[in-house]
Amino acid sequence: QVQLVESGGGLVQSGGSLRLSCAASGSIFSIGDMGWYRQTPGKQRELVAVITDESTTSYGDSVKGRFTISRDNAKNTVTLQMMNMQLEDTAVYYCKVLVRKSNTFFQYWGQGTQVTVSS
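Residues numbered from 1 in each chain as written. Predicted model: local features only at pLDDT ≥ 70, side-chain atom pairs only at ≥ 80, totals over all residues. Heavy atoms only, no water.

A few points about the state of the cysteines
Going by this rule: Cysteine sulfurs are considered disulfide-paired once they come within 2.5 Å of each other. Here a strand is any run of E in DSSP of at least two residues, a helix any run of H or I of at least four, and the numbering for each starts at the N terminus.
Following the criterion strictly, the structure yields 1 disulfide and no others. Between Cys 22 and Cys 95 runs a disulfide, and the two sulfur atoms are separated by 2.2 Å. An S-S torsion of about -80° defines the bridge between Cys 22 and Cys 95 as left-handed. You can see Cys 22 sitting in strand β3 (residues 18-26) and its partner Cys 95 sitting in strand β9 (residues 91-101), a full 73 residues away along the chain.

Side note on the pairing of strand β5 (residues 46-51)
Cut-off, in case you're wondering: Think of it this way: DSSP has to see at least two bridges between two strands before they count as a pair.
Pairing between strand β4 (residues 30-39) and β5: 5 bridges, direction antiparallel. The partner of Arg 38 across the bridge, within β5, is Glu 46. Linking two consecutive strands that pair antiparallel, namely β4 and β5, is a turn of 6 residues; a positive phi of about 85° is found at Gly 42 within it. Where β5 and strand β6 (residues 57-59) come together, 3 bridges link them in antiparallel fashion. Counterpart to Val 50 in the pairing with β6 is Ser 58. Between the end of β5 and the start of β6, which pair antiparallel, lie 5 residues, with Ser 55 showing a positive phi angle near 70°.

So, the pairing of strand β8 (residues 77-82)
The condition that has to hold: Here's how the labels work: a residue is buried when its accessible area is under 20% of the maximum for its type, exposed when over 50%, partly exposed in between, all with a 1.4 Å probe on protein chains only.
Taken across its 6 residues, β8 has 6 buried, putting it largely inside the fold. Burial along β8 is two-sided: Thr 77, Thr 79 and Gln 81 and Val 78, Leu 80 and Met 82, pointing in opposite directions, are all buried. Across 6 bridges, the pairing between β3 and β8 is antiparallel. The partner of Leu 20 across the bridge, within β8, is Leu 80. Strand direction decides the pairing type here: strand β7 (residues 67-72) and β8, joined by 6 bridges, are antiparallel. Bridge pairing in β8 places Arg 71 opposite Val 78. Linking two consecutive strands that pair antiparallel, namely β7 and β8, is a turn of 4 residues; a positive phi of about 50° is found at Asn 76 within it.

Observations concerning unusual backbone geometry
Of note in this structure, Ser 55 is not a glycine but carries a positive phi near 70°. With respect to the helices, strands and loops of the structure, Ser 55 is situated in the loop between β5 and β6. The exposure class of Ser 55 is partly exposed, given its relative accessible area of 46%. Despite not being glycine, Asn 76 has its phi angle at roughly 50°, a positive value. You can call Asn 76 partly exposed: its relative accessible area is 26%.

See the structure below:
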């Protein structure tokens, strides 16, 4: 089995910064893409940022220029540095990893961590 442990969520003021981390452990042969998604009530889960196994990054338009995603392959960890946060960034943030078993990739999700931006 694979377990994802998220940390770093909480309350932050508008314009402030927050850092989220997600560590994967368990039965892992290799990890492909890792990313962060977020969801608010009544809306679909949206992509925040993704980083490939070659450290190529992509960002959702709403966070581009403010958020930075990175990974530590030795620790199987992905981090999201959020800067200049806005009220619209309030959401539950979910970590996602693609885990390779044999020659097949499986998708795993973290439990989600609440991020609340206040004015």
